[in-house]
Amino acid sequence: IEGNKSAIKSIQRLAQTIVSLTPATHFLIANEEDGILYRYGIWDDGNSSDNEDDYATIIKAALDATASSRAGRVALPSDHPVTNLLPTSATRCILVQSIDGYGSGGKSCLIIGSDKLLPAYTKNDLRWIGQLAMEP
């Protein structure tokens, strides 16, 4: 993504759209080989991990959770390791959507955090998050 202005603008629009039109407050794109590729939201507490060695393990755990989902999307509990990538305020509902086409290799995912519970998302919110994720 680095240096690719078109990809960066596309990701920024995706993040802004999801945060603006859903209960989401935080957005990340993560890759199992490259770590965190993009963040959107305000990180105002010390909850999120700054240890890049932890990123690979946490991102792998998030991707493993999506593997059993037909749509490649899961809601994770607030005690899942992925909470270490988000501020405390955004761990009430965590959505992970597997995606293709980002990073230098390996699997990637969107990590979406919110201060609202899952029922705050409509069925259509969840459907189009999946559709957007398919368009790198």
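Refer to the structure above for everything that follows.
Residues numbered from 1 in each chain as written. Predicted model: local features only at pLDDT ≥ 70, side-chain atom pairs only at ≥ 80, totals over all residues. Heavy atoms only, no water.

## Looking at the pairing of strand β5 (residues 108-114)
Remark: a regular strand shows side chains that alternate across the two faces of the sheet. Of all seven residues in β5, seven are buried; the element is thus mostly enclosed. Neither face of β5 is left uncovered, since the one carrying Ser-108, Leu-110, Ile-112 and Ser-114 and the one carrying Cys-109, Ile-111 and Gly-113 both have all their residues buried. Alignment of strand β1 (residues 24-31) against β5, held across seven bridges, turns out to be antiparallel. Residue Phe-27 lies in a different strand from β5, and its bridge partner there is Ile-112. In this structure, strand β4 (residues 93-99) lies alongside β5, joined through seven bridges in antiparallel fashion. Opposite Gln-97, over in β5, you have Leu-110 as the bridge partner. (Buried < 20%, exposed > 50% of the residue type's maximum accessible area, 1.4 Å probe, protein only. Helix = DSSP H or I, 4+ residues; strand = E, 2+ residues; numbered from the N terminus. Pairing = 2+ DSSP bridges.)

## So, the packing of aromatic side chains
Counted according to the given criterion, the structure contains one aromatic pair. Centroid distance Phe-27 to Tyr-38: 6.4 Å. Interplanar angle 70°. Geometry classified as edge-to-face. Here Phe-27 is found in strand β1, whereas its partner Tyr-38 is found in strand β2 (residues 35-40), with 11 residues between them in sequence. No difference in accessibility class separates Phe-27 from Tyr-38, as the two residues are buried. The aromatic ring of Trp-43 is capped on one face by Arg-39, whose charged end is 5.2 Å from the ring centroid. (Phe/Tyr/Trp six-rings, centres within 6.5 Å; stacked < 30°, edge-to-face > 60°. Lys NZ or Arg CZ within 6 Å of the ring centre and 35° of its normal.)

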